[in-house]
Amino acid sequence: QVQLVESGGGSVQTGGSLRLSCATSGSPASTCMAWFHQAPGKEREAVAHISPAGYTTYADSVKGRFTISRDNAKSTVSLQMNGLKPEDTGMYYCARRYTCYSGSWRSSSDYKFWGQGTQVTVSS
């Protein structure tokens, strides 16, 4: 049974930083992983993706501010968030793709396993 457990959310002011972590199980080292953001009243949106080899891709909205990384030895995926803005507020979910070799990293339907989410609130 694959489990994903996020942690590290909280409340910060504009310009602040947070680091989210996702603890995974079920041999995650060979899988593509991503972080999604769901703002209040909006659909879930992929913000960062990482391949097994460590190649990263970002949504334009977070490029240059967020950094996704993975530690395969510890089975964790992290999201360092700097320069936070009020529009970054919402739930953040860690997710594991069915496969790295087809589909789109931006599509939530490409992801098989999800964590329960962690709340991030950025005040102005």
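No experiment lies behind these values; they were computed from the predicted model shown.

### Focus on the pattern of salt bridges
Counted according to the given criterion, the structure contains 3 salt bridges. Here Lys63 ties to Asp60 by a salt bridge, and the two come within 3.1 Å at their closest N and O atoms. Taken individually, Lys63 and Asp60 each receive the classification exposed, so the pair is uniform in this respect. A salt bridge links Arg97 to Asp110; the shortest N-O distance between them is 3.5 Å. You can see Arg97 sitting in strand S9 (residues 90–97) and its partner Asp110 sitting in the loop between S9 and strand S10 (111–114), a full 13 residues away along the chain. Per residue, the accessibility class of Arg97 equals that of Asp110, and both read buried.

### Concerning the side chain of His37
In this fold, His37 is placed in strand S4 (residues 33–38). A residue is classified by how much of its surface remains accessible, and His37, at 6% relative accessible area, is buried. What His37 contacts, discounting residues up to four positions off in sequence, is Glu43, Arg44, Glu45, Val47, Glu87, Asp88, Thr89, Gly90, Met91 and Tyr92.

### Considering the state of the cysteines
Scanning all chains against the criterion turns up 2 disulfides. Here Cys22 is linked by a disulfide to Cys94, with a sulfur-sulfur distance of 2.1 Å. Taking the torsion about the S-S bond as the criterion, the Cys22 to Cys94 disulfide, at about -80 degrees, is left-handed. In this pair, Cys22 is assigned in strand S3 (residues 18–24) and Cys94 in strand S9, connecting sequence segments 72 residues apart. A relative accessible area of 0% means that Cys94 is categorised as buried. With its sulfur 2.1 Å from that of its partner, Cys32 forms a disulfide with Cys100. Every disulfide takes its handedness from the sign of the S-S torsion; for Cys32 and Cys100 that torsion is 130 degrees, giving right-handed.

### So, the pairing of strand S8 (residues 76–81)
As paired elements, S3 and S8 share 6 bridges and run antiparallel to each other. Within S8, the residue paired with Arg19 across the bridge is Gln80. In terms of strand pairing, strand S7 (residues 66–71) meets S8 through 6 bridges, oriented antiparallel. Each bridged residue has a counterpart across the sheet, and for Phe66 the counterpart in S8 is Met81.

Analysis parameters
Residues numbered from 1 in each chain as written. Predicted model: local features only at pLDDT ≥ 70, side-chain atom pairs only at ≥ 80, totals over all residues. Heavy atoms only, no water. Salt bridge = Lys/Arg side-chain N within 4 Å of Asp/Glu carboxyl O. Buried < 20%, exposed > 50% of the residue type's maximum accessible area, 1.4 Å probe, protein only. Helix = DSSP H or I, 4+ residues; strand = E, 2+ residues; numbered from the N terminus. Contact = heavy atoms within 4.5 Å. Disulfide = S-S within 2.5 Å. Pairing = 2+ DSSP bridges.

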